[in-house]
Amino acid sequence: MIPANETFAGTFPFAPHITEAPGFRMHYVDEGPRDGEIILCLHGEPTWGYLFRHLIVNAA
């Protein structure tokens, strides 16, 4: 398992957030201003949120 605080040599510069609300351990990214527009980026296996890292930086 990849550690929750892994940054992949600084290429994933977001604070780790973990929830178990859906009944299993799930990582999510929560970036940007609290009053900003919500953008939900869904992905499937075997892809993951790392693929959206450039989009998140530009949107935040």
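**Student:** Tell me about the overall build of the protein chain, residues and numbers included.
**Tutor:** When helices and strands are counted, the protein chain shows one helix and two strands. Each helix and strand of the protein chain, ordered N terminal to C terminal, gives the series β-β-α. Taking all 60 residues of the protein chain together, the buried fraction comes to 8%. Once local pairs closer than 6 in sequence are excluded, the contacts in the protein chain between residues at least 24 apart make up 33%. Summing over all exposed atoms, the protein chain offers an accessible surface of approximately 5100 Å²; the carbon and sulfur share of this is 58%.

**Student:** Which residues make up the packing of aromatic side chains, and what are the values?
**Tutor:** On inspection of all chains with the given rule, the structure shows three aromatic pairs. Plain terms: the ring middles of F8 and Y50 are 5.7 Å apart, the flat faces sit at 55° to each other, and that makes the pair tilted. With a gap of 42 residues between them, F8 in the segment before β1 (17-19) and Y50 in the loop between β2 (26-28) and α1 (53-59) connect regions that are remote in the sequence. Taking the relative accessible area as the measure of exposure, F8 reaches 27% and is therefore partly exposed. Summarising the aromatic geometry, the rings of F12 and F14 are spaced 5.0 Å apart at their centres and angled 85° between planes, so their arrangement reads as edge-to-face.

**Student:** Explain the pattern of salt bridges residue by residue, including any values.
**Tutor:** Side chains carrying opposite charge are able to pair once their charged atoms draw close together. Summed over all chains, the structure comprises one salt bridge. Salt-bridge contacts for R34 lead to D30; the nearest nitrogen and oxygen are separated by 3.0 Å. Of the residues examined, R34 reaches a relative accessible area of 69% and is grouped as exposed.

**Student:** Any details on the environment of W48? Residues and values, ideally.
**Tutor:** Here W48 is to be found in the loop between β2 and α1. Residue W48 is classed as partly exposed on the basis of its relative accessible area, which comes to 35%. Expressed as a C-alpha distance, the spacing of W48 and M26, which sit 22 residues apart in the sequence, is 11 Å. Aside from chain neighbours lying at most four places away, what touches W48 is F8 and H43.

**Student:** With reference to specific residues and values, describe the confidence of the model for the protein chain.
**Tutor:** Per-residue confidence for the protein chain gives a mean pLDDT of 83; residues scoring 70 or more make up 93%. Here α1 stands out as the element of the protein chain with the lowest mean pLDDT, 81, in contrast to β1, whose mean of 89 is the highest.

What counts, and where the lines are drawn
- Residues numbered from 1 in each chain as written.
- Predicted model: local features only at pLDDT ≥ 70, side-chain atom pairs only at ≥ 80, totals over all residues.
- Heavy atoms only, no water.
- Helix = DSSP H or I, 4+ residues; strand = E, 2+ residues; numbered from the N terminus.
- Buried < 20%, exposed > 50% of the residue type's maximum accessible area, 1.4 Å probe, protein only.
- Contact = heavy atoms within 4.5 Å.
- Areas by Shrake-Rupley, 256 points an atom, 1.4 Å probe, with all protein chains shown as cover.
- Phe/Tyr/Trp six-rings, centres within 6.5 Å; stacked < 30°, edge-to-face > 60°.
- Salt bridge = Lys/Arg side-chain N within 4 Å of Asp/Glu carboxyl O.
- pLDDT = per-residue confidence, 0-100.

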